[in-house]
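# Structural description and commentary
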Amino acid sequence: MIDFQPTEEQRLLQSTVRDYAREKLWPRAPHLDETGEFPWPAWREMGELGLLGMVVPQEYGGAGMSTVDYVLALEEVCWGCASTGVAMSVQNSLVEVPILKFGTLAQKSRYLPGLASGERVGCYCLTEPGSGSDAVAMKATCVKKGDRWILNGVKQFITNGPQADVAVVYATLDPALRSKGVCAFIVEKGFPGYRVGKVEHKMGLKGSSTSEILLEDCEVPEENLLGQEGRGFTVAMATLDGGRIGIATQAVGIARAAFDEALRYSQERKAFDQPIANFQAIQWKLADMATRIDASRLLIHRAARLRDQGENHSVESAMAKVFSSETAVWATNHAVQVHGGYGYIREFAVERLYRDAKICDLYEGTSEIQRLVVATNILKGNYRGAGG
Ligand SMILES: Cc1cc2nc3c(=O)[nH]c(=O)nc-3n(C[C@H](O)[C@H](O)[C@H](O)COP(=O)(O)OP(=O)(O)OC[C@H]3O[C@@H](n4cnc5c(N)ncnc54)[C@H](O)[C@@H]3O)c2cc1C
């Protein structure tokens, strides 16, 4: 039995971050969308609020909170600004968690405090030009030479790439070994041979930076191997199980913002001498949006609770991600529709939200890959049923 009631502390966290998002993030989001600037002011504020190291234990400078706490806060940030939200999500889910889970004591002490405070920005480098969904087809190589690893390759579409001080990087001992050849490393931007490559221009999420990371005989000290040699694929997949909860949450934040805008507009805009909210066609859109957003959040909270209980949650994370992402794409489309022609105009937030939503069913595993994860587990008998 899963209890979805937030505690008093969780309600306080939620309302604090909600106020912050309303006052600071929502008003800044159009500027980030226009300019593509990285959200530095928000980054510093989130560091001070403890939002950049939420599940990192206090002994390493984090807030020592649960995954449920994390998703409650992240939804509010993503409601305010999806670009800011993904920077927060990558820092927490994709950089700190693997270091926390697979790092040595020395690695945790060296990297977690700076990341949790936001003093250092992190990124996660798995994708390559020729390998996304099929991550084990990676071509970036790692070779041990004395007390260092030498990394060569190109990592593609790396969120926070241009700003990152610390990168979790995957490379293979030999592409022919497939998953058994993958190693994970903690790489600092100052290590010789590490370079930021091409910066991408995107459809949406413009305040989130995305770039190549180039590894050219990049020298990594041997103590920066993360987890065991040849076990990096386990690090990558365990990280994505948690990361997908974060992206599902981002989708709900975006969808909720679109719903709020659609609701308000439908009560203000008049057609045929009455508010358009009087028309059943509009009411049903609002009803369906609210229903799908709530269902998405329930799936997310189930996955987050299982994670907090130390249970396997691959299926539940994948279900939450595919349903929430597709809800965000669907709900933002309907929110534009409720706005009529105005929904297509930059001045109206739904135009941005519509573009921001699409990324959710692409990154950290496309919707097709989430369905693959769910179906494979069902067929293997690993699906525990709707009761969670
Ligand atoms: C803005 C942005 C930010 C990103 N941030 C990061 C990041 O920080 N770190 C990082 O490592 N990566 C990042 N990515 C990469 C992202 O995770 C990949 O783009 C994604 O996993 C898909 O890989 P791909 O683009 O190579 O598509 P492909 O794998 O080439 O897929 C193309 C199509 O084929 C489908 N497909 C592939 N295999 C199957 C299959 N077995 N069954 C059914 N359909 C299949 C896919 O679903 C998709 O529709 C980011 C991408 C973007 C666009």
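Residues numbered from 1 in each chain as written. Predicted model: local features only at pLDDT ≥ 70, side-chain atom pairs only at ≥ 80, totals over all residues. Heavy atoms only, no water.

## With respect to helix 1 (residues 8-35)
If you check helix 1, its first and last C-alpha atoms are 39 Å apart, about what 28 residues at 1.5 Å a residue would give, namely 40 Å. At alanine 21, helix 1 is bent by approximately 40°, the largest bend along its length. Those residues of helix 1 that sit buried are Gln10, Leu13, Gln14, Val17, Tyr20, Ala21, Leu25, Trp26, Ala29, Leu32 and Asp33. Structurally, helix 1 contributes buried residues whose contacts are with helix 2 (40-49), helix 3 (67-80), helix 4 (82-102), helix 6 (232-268) and helix 9 (349-357). Looking at the residues trailing helix 1, positive phi occurs at glycine 36, about 70°. (Helix = DSSP H or I, 4+ residues; strand = E, 2+ residues; numbered from the N terminus. Expected span 1.5 Å × (residues − 1). Bend = angle between axes of the 7 residues up to and from the residue. Buried < 20%, exposed > 50% of the residue type's maximum accessible area, 1.4 Å probe, protein only. Contact = heavy atoms within 4.5 Å.)

## Regarding the side chain of aspartate 356
Looking at the element boundaries, aspartate 356 is found in helix 9. Of note is the side chain of aspartate 356, whose polar atom sits 2.6 Å from the backbone nitrogen of leucine 205. (Polar contact = N/O pair within 3.5 Å; in protein donor to acceptor, adjacent residues only side chain to side chain.)

## Structural notes on helix 10 (residues 367-379)
Across its 13 residues, helix 10 extends 18 Å between first and last C-alpha, which sits within 8% of the 18 Å expected from 1.5 Å per residue. Among the residues of helix 10, Ser367, Gln370, Val373, Val374 and Asn377 are the ones counted as buried. Within helix 10, the buried residues cover an arc of 120° as seen down the axis, which keeps them to one side. What points out from helix 10, more than 90 degrees from its buried face, is the exposed set Glu368, Leu372 and Leu379. (Arc of directions from axis to C-beta.)

## Things to note about the nonpolar core
Of all hydrophobic cores here, the largest spans 108 residues; its most connected members are Met88, Leu151, Tyr170, Phe185 and Val187. Looking at which element gives the most residues to this core, the answer is helix 6, with 15 residues. Not counting residues within four places of it along the chain, the set of residues in contact with phenylalanine 185 comprises Cys142, Trp149, Leu151, Ala167, Val168, Val169, Ala171, Val220, Asn224, Leu225 and Leu226. Ranked by size, the runner-up nonpolar core spans five residues in total, among them Val315, Ala318, Met319 and Val373. (Core = buried A, V, L, I, M, F, W, Y, C linked by side-chain atoms within 4.5 Å.)

## Details of the site of the ligand
Around the ligand sit 18 residues, and of these Tyr124, Thr127, Ser133, Phe157 and Thr366 come closest. In the model, an oxygen atom of the ligand is placed 3.5 Å from a nitrogen or oxygen of the glycine 132 main chain. Glutamate 364 is positioned with one of its backbone polar atoms (N or O) 3.4 Å from an oxygen atom of the ligand. When the ligand is considered free in solution it has 970 Å² of accessible area, and contact with the protein chains removes 63% of it. No other element matches strand 3 (residues 148-159), which puts three residues into the shell around the ligand. (Near = heavy atom within 4 Å. Areas by Shrake-Rupley, 256 points an atom, 1.4 Å probe, with all protein chains shown as cover.)

## Comments concerning the domain arrangement of the chain
Examined at the domain level, the chain breaks down into domain 1 (8-120), domain 2 (123-230) and domain 3 (233-379). Taking only C-alpha atoms into account, the centre of domain 2 sits 30 Å from that of domain 3. In this complex, domain 2 contributes 14 residues to the contact, which on the side of domain 3 involves 13 residues. If you sort the residues of domain 2 by the area they bury against domain 3, Tyr124, Met203 and Leu205 come out on top, with a joint share of 42%. Connecting domain 2 to domain 3 are zero salt bridges. (Domains from an automatic or database assignment. Buried area = accessible area lost by both parts, 1.4 Å probe. Salt bridge = Lys/Arg side-chain N within 4 Å of Asp/Glu carboxyl O.)

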